[in-house]
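Topology and contacts: notes
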Amino acid sequence: MDSNLQKVFVARRIPQIGIDSLAQQFAVTVHSGQLPPTRSELLSGVGGCHGILSLLSDRIDGEVMDAAGAQLKVISNFAVGFNNIDVPEATRRGIAVGNTPDVLTDATADIAIALIMATARRLREAWQAVDNLAWKTWEPTGWRGLDLVGSTVGIVGMGRIGSKVAQRLYGGWNMRVLFTAHRAKAEDTFPFPARQVALDELLTNSDFISLHVPLSADTRHLIGAREFGLMKETAVVVNTARGEIINQAALVNALRNKQIFGAGLDVCDPEPLPEYDPLRQCENCLLLPHIGSATYSARDAMAVRAADNLLAGLTGNPLPYPVN
Ligand code: DGY
């Protein structure tokens, strides 16, 4: 390896297309293995690096930036979300931070739709009945769920992914769309009818509530006991954003007490969910292992964008997908 090359630490094996592109110009070290680097592996792995390619499971804070050294120029997150990075600290040090927007929007919207349908129609319980040999006959009153057609979806955070979810639900099931957004959006912003409302109004009036806000100090535990109390008894809550947006203890109570109909989660807090977490016992909760962006093409495109951010940052150019 040419010792004059700038160094890049890649915190996990990502699709090869991203590694290949980086390896043409930089000395690349990839943390191999299925699990994220431990804190000490991360701190030693980044030592002397000019660029870091991080994942949402890697906490990139001042300590990591110190461990990398003053030559660190760019941190490229292999995700659209970047709550794992201390962005103000990076900015203060003049380190560019990038993410991978857009290329995972459709894949993640599809998973939200899958969770809405699977939770509404109780697929977890139905599949468990097949699996446990509890399926004895066709049951006129068994495994009944909810209709989507003509119902109301509340999109919490009408950004790229939220609006794609709404578009699918309006186009496919003629659902009424309510939404919240951090700034006012004109009625003709979307190619479907949608009404911007306050969060409480959305929670009170929606049949399906789909969460799409980024995780920040403002959105942590945005949905807790008070918010579950506002929802219909037949409400379905779907989260494809970040687990910490829901107060999970309050969710468990709401599910156990049938305060809501069910929850479909692609994300939880923490990830992975510990073996004895009470959420696992809630039959009306379907949990996936954070696979929103897990299609072949989305993950390849994320790898290309993450590499492009590093290439730009390490050659003195503005990042194509900047966060700061
Ligand atoms: C993201 O990109 O933030 C998703 O959670 C993982 O693809």
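Coordinates for the structure precede this section.
Just so you know, these numbers come straight off a predicted model, no measurement behind them. (Residues numbered from 1 in each chain as written. Predicted model: local features only at pLDDT ≥ 70, side-chain atom pairs only at ≥ 80, totals over all residues. Heavy atoms only, no water.)

**With respect to the pairing of strand 11 (residues 262–265)**
Side-chain alternation along strand 11 places Gly262 and Gly264 on one buried face and Ala263 and Leu265 on a second face that is also buried. The sheet contact formed by strand 10 (residues 236–239) and strand 11 spans 4 bridges and is parallel. Bridging across to strand 11, valine 238 finds its partner in glycine 264. When strand 11 meets strand 12 (residues 285–287), the two strands line up parallel, connected through 3 bridges. Considered in strand 12, the bridge of glycine 264 is made with leucine 286. (Buried < 20%, exposed > 50% of the residue type's maximum accessible area, 1.4 Å probe, protein only. Helix = DSSP H or I, 4+ residues; strand = E, 2+ residues; numbered from the N terminus. Pairing = 2+ DSSP bridges.)

**Thoughts on the layout of surface pockets**
Empty space within the second largest pocket amounts to approximately 250 Å³. Along the walls of the second largest pocket sit 18 residues, with Arg122, Glu125, Phe261, Glu283 and Asn284 positioned nearest its centre. Breaking the lining of the second largest pocket down by element, the ones donating at least two residues are helix 5 (105–120), helix 6 (123–131), helix 10 (248–256) and strand 12. Looking at the lining of the second largest pocket element by element, the count peaks at 3 residues for helix 6. (1 Å grid on protein atoms, 1.4 Å probe; cavity = no way out; pocket = protein on both sides within 12 Å on 5 of 7 lines; lining within 4 Å. Points joined across faces, edges and corners; volume = space filled by probe spheres on them.)

**Some thoughts on the site of the ligand**
With respect to spatial proximity, the complete set of residues near the ligand consists of Leu56, Ala79, Val80, Gly81, Leu104, Arg242, His290, Ser293 and Met302. In this structure, an oxygen atom belonging to the ligand sits 2.7 Å away from a side-chain N or O atom of arginine 242. About the coverage of the ligand: the protein hides 91% of its 230 Å² of free accessible area. Across the shell around the ligand, the residue classes break down as 5 nonpolar, 3 polar and 1 charged. (Near = heavy atom within 4 Å. Polar contact = N/O pair within 3.5 Å; in protein donor to acceptor, adjacent residues only side chain to side chain. Areas by Shrake-Rupley, 256 points an atom, 1.4 Å probe, with all protein chains shown as cover. Nonpolar A, V, L, I, M, F, W, Y, C, P; charged D, E, K, R; others polar.)

**Concerning the environment of arginine 39**
Secondary-structure assignment places arginine 39 in helix 2 (residues 39–45). Excluding its chain neighbours within four sequence positions, the residues that come into contact with arginine 39 are Arg59, Asp61, Glu63 and Val64. A polar contact of 2.7 Å, which involves the side chain of arginine 39, links it to the side chain of aspartate 61. Engagement of the side chain of arginine 39 in a polar contact is seen with the side chain of glutamate 63, the distance being 2.8 Å. (Contact = heavy atoms within 4.5 Å.)

**Thoughts on a nonpolar patch on the surface**
A contiguous nonpolar surface patch, about 370 Å² in accessible area, is contributed by Trp127, Val130 and Trp135. One can find valine 130 in helix 6. Judged by its relative accessible area of 37%, valine 130 is partly exposed. (Patch = residues over 30% accessible without salt bridge, like charges linked within 9 Å, V, L, I, M, F, W, Y side chains within 5 Å. Salt bridge = Lys/Arg side-chain N within 4 Å of Asp/Glu carboxyl O.)

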